[in-house]
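# Chain and residue survey
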Amino acid sequence: MTEPLVRRMRGYGTTIFAEMTALAVRTGAINLGQGFPDTDGPPEMLERAAAAIREGFNQYPPGPGVPELRQAVADHHKERYGLAYDPDSEILVTVGATEAIAASVLALAEPGDEVVVFEPYYDSYTAMIELAGAVRRPVTLRPVEGRFTFDPDELRAAVGPRTRAILLNTPHNPTGTVFTRDELEVIAGLCRDRDLVAISDEVYEHLTFDGAEHVPIATLDGMRERTVMISSAGKSFSVTGWKTGWIAAPPAYVRAAQTVKQFLTFTASAPWQRAVAYALREELPWVARLRETLQANRDRLITGLAAAGFRTYTPAGTYFVQTDIRPLGFDDGHELCRALPSLAGVVAIPTQVFYDDPAAGRHHVRFAFCKRPEVMDEAVARLAALSR
């Protein structure tokens, strides 16, 4: 029998997140691999979702999303970033940011078009570019003075006559980099000069540390009209299982994404949408407290990783610490991650799987710190075994 999977997806098997989570379950290791919290979001937000279920909001919501959430997203972007969006024509609710990315890439990239993407990248980016029949042009983020950044000349060289879009993620998973305004200006300049779309994944927009500023690229001159701005509730409000995201973009881009989205999921999550609308209006102080907890977790994890022998890079945002494993005497992150449960009772993610050329990230491993403080303390205690 011939292989049933279409050729363009044959390089995509089980995700590294599923593989490492299964390893954690099988071995009883602490899972610092997949980025999901082990606590719930704001209690009143959860109660709003339960109340919506009890009150009968259990059928299909409108395809673009419930009006309350679209308005809440528009108000949030106006109040926080000074970006005015029409909730009726410029906001689209999606099944998490993953669907927003999928719908945007599938809607905007023709077969043969090129999409520039920064590596290491979130794994769904490459799969969606492949499904669209487009061509991926990676630009590598490398450590410079303790943070990951890109070479502007490499970015310029990656943009060619077939380039349609630049897909960026800030705050950036898996490196923890928050792109500076100057870095974003380089990207924006290329978009303006070459008539490109910026597809901007900003799911960690509220989770920045040490005073780092998240700057949406849509706020830069000439960029609102050529940016698809994507975010979600999952990371900000610790409800990753709700899969409630959104797109903010000019009407033509929203129509394009919705044309695709209606044949992916059509719509979803009526009760969650109502609860998230409430949270965007009322629970950002809760998010600020979450950010403080995450920063403390980050610091305790970095201290423990450094004591265990890793070289660490302090993230300015997200849930993740990026490490260099070579000081420990290892040079293959995948091999180390498979061995970590027996060596230290912890699971992490090998960063090399997020590069076009795995050798570029072979010596990097990512650890998540979005767990309860006592879990982080236990993980640090276990990691100490590596230094003995």
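Parameters and conventions
Residues numbered from 1 in each chain as written. Predicted model: local features only at pLDDT ≥ 70, side-chain atom pairs only at ≥ 80, totals over all residues. Heavy atoms only, no water. Pairing = 2+ DSSP bridges. Helix = DSSP H or I, 4+ residues; strand = E, 2+ residues; numbered from the N terminus. Axes fitted to C-alpha atoms, helices over the stretch in contact; angles between N-to-C directions. Contact = heavy atoms within 4.5 Å. Buried < 20%, exposed > 50% of the residue type's maximum accessible area, 1.4 Å probe, protein only. Lys, Arg positive; Asp, Glu negative; His and termini not counted. Salt bridge = Lys/Arg side-chain N within 4 Å of Asp/Glu carboxyl O. Arc of directions from axis to C-beta. Polar contact = N/O pair within 3.5 Å; in protein donor to acceptor, adjacent residues only side chain to side chain. Domains from an automatic or database assignment. Buried area = accessible area lost by both parts, 1.4 Å probe. 1 Å grid on protein atoms, 1.4 Å probe; cavity = no way out; pocket = protein on both sides within 12 Å on 5 of 7 lines; lining within 4 Å. Points joined across faces, edges and corners; volume = space filled by probe spheres on them. Phe/Tyr/Trp six-rings, centres within 6.5 Å; stacked < 30°, edge-to-face > 60°. Lys NZ or Arg CZ within 6 Å of the ring centre and 35° of its normal.

In this section: the sheet that holds strand β10 (residues 245–248). If you walk across this open sheet you meet the 7 strands as β2-β10-β9-β8-β7-β3-β4, and the pairing is mixed. With one partner strand each, in any of the chains shown, β2 (91–94) and β4 (135–140) form the two edges of the open sheet. Within this sheet the neighbouring strands show an average axis-to-axis angle of 20°, counted without direction. Note that strand β7 (residues 163–169) and strand β8 (residues 197–201) share 5 bridges and pair parallel. The residue of β8 that forms the bridge with Ile-166 is Ala-198. Its contacts with the sheet put helix α3 (residues 67–81) on β2, β9 (227–232) and β10, and the angle it makes with β2 is roughly 120°.

A few words now on the side chain of Asp-123. Position of Asp-123 relative to the elements: it lies in helix α5 (residues 123–131). Here Asp-123 occupies a buried position and makes no salt bridge, while the nearest side chain of opposite charge, Arg-366, is found at 8.4 Å. Among all residues touching Asp-123, those that are not within four sequence positions of it are Thr-15, Phe-17 and Phe-354.

A few words now on the sheet that holds strand β11 (residues 311–313). Spatially, the 4 strands line up as an open sheet ordered β11-β12-β15-β14, and their pairing is antiparallel. Two strands bound the open sheet, and with one partner strand each, they are β11 and β14 (349–350). Inspection of the sheet shows β11 paired to strand β12 (residues 320–324) by 3 bridges, in the antiparallel sense. Opposite Thr-312, over in β12, you have Thr-323 as the bridge partner. Packing of helix α10 (residues 284–308) onto the sheet brings it into contact with β11, β12 and β15 (364–368), and relative to β12 it is tilted by some 15°.

Burial in helix α11 (residues 333–344) covers these residues: Gly-333, His-334, Leu-336, Cys-337, Leu-340, Pro-341 and Ala-344. An end-on view of α11 places all buried positions within 160° of arc, on one side of the element. What points out from α11, more than 90 degrees from its buried face, is the exposed set Glu-335 and Ser-342. Sitting at the amino-terminal end of α11 is Asp-332, which places a side-chain oxygen 2.9 Å from the backbone nitrogen of His-334. A positive backbone phi angle near 70° is found at Gly-345, which sits one or two residues after α11.

Moving on: the pattern of salt bridges. Under the criterion given, the structure shown has 26 salt bridges. Linking Asp-113 and Arg-162 is a salt bridge whose minimum nitrogen-to-oxygen distance equals 3.5 Å. Pair noted here: Asp-113 is in the loop between α4 (96–108) and β3 (114–119) and Arg-162 is in the loop between α6 (152–158) and β7, with a separation of 49 residues, a long-range link. By relative accessible area, Asp-113 is classed as buried at 12%. Residues Arg-372 and Glu-374 are paired through a salt bridge, measuring 3.1 Å at the closest nitrogen-oxygen approach. Ionic contacts of the salt-bridge type, sharing partners, join the residues Asp-38, Arg-372 and Glu-374 into one network.

Domain boundaries in the protein define domain 1 (7–41 + 285–387) and domain 2 (59–281). Just the C-alpha atoms count here: the centres of domain 1 and domain 2 sit 24 Å apart. On the domain 1 side of the interface with domain 2, the three residues burying the most area are Thr-318, Phe-354 and Asp-356, jointly 19% of the side's total. On inspection of domain 1 and its partner domain 2, the count reaches 2 salt bridges. Put simply, Asp-210 and Arg-298 hold a salt bridge, and the shortest N to O gap is 2.7 Å.

Across residues other than glycine, the phi torsion is negative in most instances, and most of the peptide bonds are trans. The residue after Thr-170, namely Pro-171, is reached through a cis peptide bond having omega -10°. Here Pro-171 lies in the loop between β7 and α7 (181–194). Cis geometry is found at the peptide bond from Asn-173 to Pro-174, where omega equals 20°. Relative to the helices and strands, Pro-174 resides in the loop between β7 and α7.

Our next topic: empty space enclosed by the protein. Applying the stated criterion to the full structure yields 1 cavity of 30 Å³ or more. Here the largest cavity defines a volume of roughly 50 Å³. Taken together, 13 residues make up the lining of the largest cavity; nearest its centre are Val-93, Thr-94, Val-95, Ala-268 and Gln-273.

Turning our eyes to something else, we now look at the packing of aromatic side chains. In total, this model carries 14 aromatic pairs according to the counting rule given. When the ring of Phe-118 is compared with that of Phe-179, the centres are 5.4 Å apart and the planes differ by 75°; the resulting orientation is edge-to-face. Taken together, the residues Phe-118 in strand β3 and Phe-179 in the loop between β7 and α7 connect sequence positions 61 residues apart. Accessibility expressed as a relative area gives 2% for Phe-118, which makes it buried. Exposure remark for Phe-179: the relative accessible area of 1% places this residue in the buried category. With a centroid separation of 5.1 Å and an interplanar angle of 70°, the aromatic rings of Phe-148 and Tyr-313 are classed as edge-to-face. With Phe-148 in strand β6 (residues 147–149) and Tyr-313 in strand β11, the pair connects residues that are 165 residues apart, well separated along the chain. Its relative accessible area of 4% is what places Tyr-313 among the buried residues. Joined through ring pairs, the aromatic side chains of Phe-17, Tyr-122, Tyr-125 and Phe-354 make up one cluster. The residue whose ring lies beneath Arg-366 is Phe-320, and the NZ or CZ to ring-centre distance is 3.6 Å. Positioned above the aromatic ring of Phe-36 is the side chain of Lys-371, whose terminal nitrogen or guanidinium carbon lies 3.8 Å from the ring centre.

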